[in-house]
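Residues per chain, in single letters:
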Protein chains: 2
Amino acid sequence: MLSEESGEFGEWEDLSVSLEDGMVMWPGDPPFSIGRIIDMEKGGSLNLSRIELTVHAGTHVDSPLHYLQTGKSIDEAPLSALIGRARIVEIRDPESIKTAELRSIGLQKGQRILFKTANSTKHLKNMKQMKNISYINPGAFAEDFIHLTVEAATYLVQCGVQTVGIDYLSVGGYKDDGDEVHRILLGGGVWIIEGLDLSMVTPGDYEFICLPLKITGAEGAPARAVARKLISGGSHKAVIATI
Amino acid sequence: MLSEESGEFGEWEDLSVSLEDGMVMWPGDPPFSIGRIIDMEKGGSLNLSRIELTVHAGTHVDSPLHYLQTGKSIDEAPLSALIGRARIVEIRDPESIKTAELRSIGLQKGQRILFKTANSTKHLKNMKQMKNISYINPGAFAEDFIHLTVEAATYLVQCGVQTVGIDYLSVGGYKDDGDEVHRILLGGGVWIIEGLDLSMVTPGDYEFICLPLKITGAEGAPARAVARKLISGGSHKAVIATI
């Protein structure tokens, strides 16, 4: 319950990837596209654009219907899974998110956990000078991104985690077990946020808001995600509920 | 600054219209469409959907670029305009939002104001029993929806209001002055949220979050909007900054 929370917070930070022509998509998925139907540069009285995208482009939320034929669709997602306190955790393993590292974190039932992995920095190499940099947009799809193992997904379900977020386009691997990781999490009641840009945030506790578009009957939706860090020892006493 | 706010709040309420086939669009705009590229009902191993829509479908944010050739695009919108305290005001005039009624409200510089008009209930008539009712989805476009007059738009700019929201597809009228109302607000530094579903919320002060998709260079974006009411006299002392 965010309503039980108060305290002092930092500024809102945007954890969303930019949607734009040429952005990296999951291999095989059609591209994101945008075009103006009415264009002031061509004499129109206003600008009006149309977009086309899969609901898994950029920062997005997966609902159970993505992998479970009778699962909930994205318009049925509880706001409580997507708004409230979240913990950004740094993963040190350079290959995958494994159970051993998760055990050291001290996961709790109902938590929202966002994994900041080497994905967040790996693809930023030599690109730090670019404006509006986003690790997903430049360059090609990285097949070797860091993802959850099947065992780690099972452990997250056992812990009763409410929401899991990751800093690349999937919680599951590209070459191995990607489908199985999704099925375990979605079947276990865990909401999945993929394509988060965590490159500019440090580990810690945050107030987190991820709002996917409300698309009737869809198995997921593009989303905007923001967070602001809980600053301990501030001028206000921090009184934050565990969840 | 939301960071200066605390207090007791009600539950989060969804102020977003559902995006779905057949939903009402601005006349002349192409329809919203959704289709599955991969479908479990057809033997696919997962469900994967693609959507196509104008960036002004359903609940959405207009940025200055919508009407001003050198105006800011939606990815440049400050989060502060879209997250924080907002006031939901009930408009009694059955035709339009006029300056006289706005004067009685006591508007303040920097405020986020959401206008709940007869739009919110008018198109719900005889449809209250339907599941997931949304005033914009059923039926056809209502040409006579309640909107701001040119004078009222000018007054809002004079007051220095930060953000204006309305419960139909445009802040400006369909037959008269719609373009001019947009130009006045966007040129005057006011951010516009259109297509809000305010049918289930009562007037008052809220914590408000409206997150549009981050689309590079677009003149607007579809958004998800939620709010929770500030409950005065609660167990926590309400300490809310004016803005």
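Here, the structure is the one placed above.
Criteria and cut-off values
- Residues numbered from 1 in each chain as written.
- Chains lettered and ligands numbered in written order.
- Predicted model: local features only at pLDDT ≥ 70, side-chain atom pairs only at ≥ 80, totals over all residues.
- Heavy atoms only, no water.
- Helix = DSSP H or I, 4+ residues; strand = E, 2+ residues; numbered from the N terminus.
- Buried < 20%, exposed > 50% of the residue type's maximum accessible area, 1.4 Å probe, protein only.
- Contact = heavy atoms within 4.5 Å.
- Pairing = 2+ DSSP bridges.
- Right-handed = clockwise from strand over helix to strand, strands pointing away.
- Axes fitted to C-alpha atoms, helices over the stretch in contact; angles between N-to-C directions.
- Parallel < 35°, antiparallel > 145°, perpendicular 65-115°, else oblique.
- Nonpolar A, V, L, I, M, F, W, Y, C, P; charged D, E, K, R; others polar.
- Least-squares fit on C-alpha atoms with pLDDT ≥ 70 in both.
- Buried area = accessible area lost by both parts, 1.4 Å probe.
- Salt bridge = Lys/Arg side-chain N within 4 Å of Asp/Glu carboxyl O.
- Core = buried A, V, L, I, M, F, W, Y, C linked by side-chain atoms within 4.5 Å.
- Polar contact = N/O pair within 3.5 Å; in protein donor to acceptor, adjacent residues only side chain to side chain.

A.B. asks: Any chance you could explain the overall build of chain A here in plain terms?
C.D. replies: Within chain A, the secondary structure is distributed over five helices and 13 strands. Counting only residues that meet the buried cut, chain A has 60% of its 243 residues in that class. Pairs at least 24 apart in sequence give 76% of the contacts found in chain A among residues at least 6 apart.

A.B. asks: Is there a simple way to think about the pairing of strand β11 (residues 191-194) of chain B in this case?
C.D. replies: Put simply, side chains in a regular strand alternate between the two faces of the sheet. All names here are of chain B. A two-sided burial pattern is seen for β11, the buried positions comprising Trp191 and Ile193 on one face and Ile192 and Glu194 on the other. Across three bridges, the pairing between strand β5 (residues 60-62) and β11 is antiparallel. Residue pairing for β11: Asp62 is matched across the bridge by Ile192. Relative to β11, strand β10 (residues 163-166) runs parallel, the two sharing three bridges. In the sheet register, Gly165 faces β11, and the bridge partner there is Ile193. In this fold, the crossover linking β10 to β11 by way of helix α5 (residues 178-187) has right-handed handedness.

A.B. asks: Is there a simple way to explain the packing of helix α4 (residues 150-159) of chain A against helix α5 (residues 178-187) of chain A in this structure?
C.D. replies: The angle between the axes and the distance between the axes are what describe a pair of packed helices. All names here are of chain A. Taken N-terminus to C-terminus, the directions of α4 and α5 make an angle of 5 degrees; their axes are 9 Å apart at the nearest point. Viewed along their axes, α4 and α5 adopt a mutual orientation that is roughly parallel. On α5, the residues touching Val150, Ala153, Thr154, Leu156 and Val157 of α4 are Glu180, Val181, Ile184 and Leu185. A per-class count over the contact of α4 with α5 returns seven nonpolar, one polar and one charged.

A.B. asks: What am I meant to see in the relation of the copies chain B and chain A here?
C.D. replies: Taken together, a rotation about one axis and a shift along it account for how the two chain copies relate. Expressed as a screw transformation, the operator carrying chain B onto chain A has a rotation angle of 180 degrees and an axial translation of 0.0 Å, and the superposed copies differ by an RMSD of 0.0 Å. Considering both components of the superposition, the chain copies are consistent with a two-fold axis. When C-alpha distances to the rotation axis are compared across chain B, the minimum falls at Glu52 of chain B, with a value of 2.2 Å.

A.B. asks: Before we go on, may I ask you to explain the interface of chain B and chain A in this structure?
C.D. replies: Note: interface size is frequently given as the accessible area lost on complex formation between the parts. Taken together, the 59 residues of chain B in the interface contact 59 residues of chain A. Summed over both sides, the interface of chain B with chain A buries roughly 5,700 Å², with 56% coming from carbon and sulfur. Broken down residue by residue, the surface that chain B buries against chain A is led by Arg50, Lys214 and Arg224 of chain B, which jointly contribute 14%. Of the charged contacts in the structure, one is a salt bridge between Asp14 of chain B and Lys214 of chain A, with a shortest N-O distance of 3.6 Å. Here the residues of the side of chain B that touches chain A are counted per class, giving 31 nonpolar, 14 polar and 14 charged. In this structure, strand β4 (residues 48-54) of chain A lies alongside strand β4 (residues 48-54) of chain B, joined through five bridges in antiparallel fashion. Residue pairing in the sheet places Arg50 of chain A in a bridge with Thr54 of chain B of β4 of chain B.

A.B. asks: What's the story with the sheet that holds strand β3 (residues 33-38) of chain B in this structure? I'm lost.
C.D. replies: Working definition: the strands of a sheet are paired by backbone hydrogen bonds and lie parallel or antiparallel to each other. Taken together, four strands build an open sheet; the order of strands is β3(A)-β4(A)-β4(B)-β3(B) and the sheet is antiparallel. Taken across any chain shown, the strands that pair with only one partner, and hence form the sheet edges, are β3 (33-38) of chain A together with β3 of chain B. For this sheet, the mean inter-axis angle between neighbouring strands, taken without regard to orientation, is 15 degrees. The pairing of β3 of chain B with β4 of chain B spans five bridges and is classified as antiparallel. Opposite Gly35 of chain B, over in β4 of chain B, you have Arg50 of chain B as the bridge partner.

A.B. asks: What should I look at first to understand the pattern of salt bridges in this one?
C.D. replies: One side chain can pair with another of opposite charge once the charged atoms of both are near each other. Going through the model one piece at a time under the given rule, you end up with 20 salt bridges over all chains. Residue Arg50 of chain B pairs with Glu52 of chain A through a salt bridge whose shortest N-O separation is 3.4 Å. Placement of Arg50 of chain B in strand β4 and of Glu52 of chain A in strand β4 is noted, with the two residues assigned to different chains. A relative accessible area of 15% places Arg50 of chain B in the buried class. A residue is classified by how much of its surface remains accessible, and Glu52 of chain A, at 24% relative accessible area, is partly exposed. Two residues, Lys98 of chain A and Glu95 of chain A, come together in a salt bridge whose shortest N-O distance is 4.0 Å. Look at Lys98 of chain A and you get partly exposed, because its relative accessible area is 30%. Within the structure, one salt-bridge network assembled from shared partners comprises Asp14 and Arg224 of chain A together with Lys214 of chain B.

A.B. asks: Help me out: how do you make sense of the pairing of strand β8 (residues 112-116) of chain A in this one?
C.D. replies: Residue and element names in this part refer to chain A. Judged by how many residues are buried, β8 sits mostly within the fold: five of five residues are covered. Note: strand β6 (residues 83-90) against β8, four bridges, orientation parallel. Paired with Glu90 across the two strands is Lys116, which belongs to β8.

A.B. asks: Before we go on, may I ask you to explain the environment of Glu151 of chain B in this structure?
C.D. replies: Topologically, Glu151 of chain B is positioned in helix α4 (residues 150-159). Along the primary structure Glu151 of chain B and Lys98 of chain B are separated by 53 residues, whereas in three dimensions their C-alpha atoms are 7.2 Å apart.

A.B. asks: Got a minute to help me understand the nonpolar core in this structure?
C.D. replies: Core analysis: the biggest nonpolar cluster contains 66 residues, and Leu15, Phe208 and Ile215 of chain A together with Leu15, Phe208 and Ile215 of chain B have the highest contact counts within it. Those residues in contact with Leu15 of chain A, other than ones at most four positions away along the chain, are Thr59, Leu114, Gly195, Leu196, Asp197, Leu198, Val201, Phe208, Ala225, Val226 and Ala227 of chain A.

A.B. asks: Can you help me understand the side chain of Arg224 of chain B in this one?
C.D. replies: Examined against the element boundaries, Arg224 of chain B turns out to sit in strand β13 (residues 220-231). Under the relative-accessibility criterion, Arg224 of chain B is labelled buried at 3%. Within the structure, Arg224 of chain B has its side chain in polar contact with the side chain of Asp14 of chain B (distance 2.7 Å). Among the polar contacts made by the side chain of Arg224 of chain B, one reaches the side chain of Ser16 of chain B at a distance of 3.5 Å. Filtering out sequence-adjacent residues up to four positions away, Arg224 of chain B remains in contact with Leu79, Leu211, Pro212, Leu213 and Lys214 of chain A together with Asp14, Ser16, Ile209, Cys210 and Leu211 of chain B.

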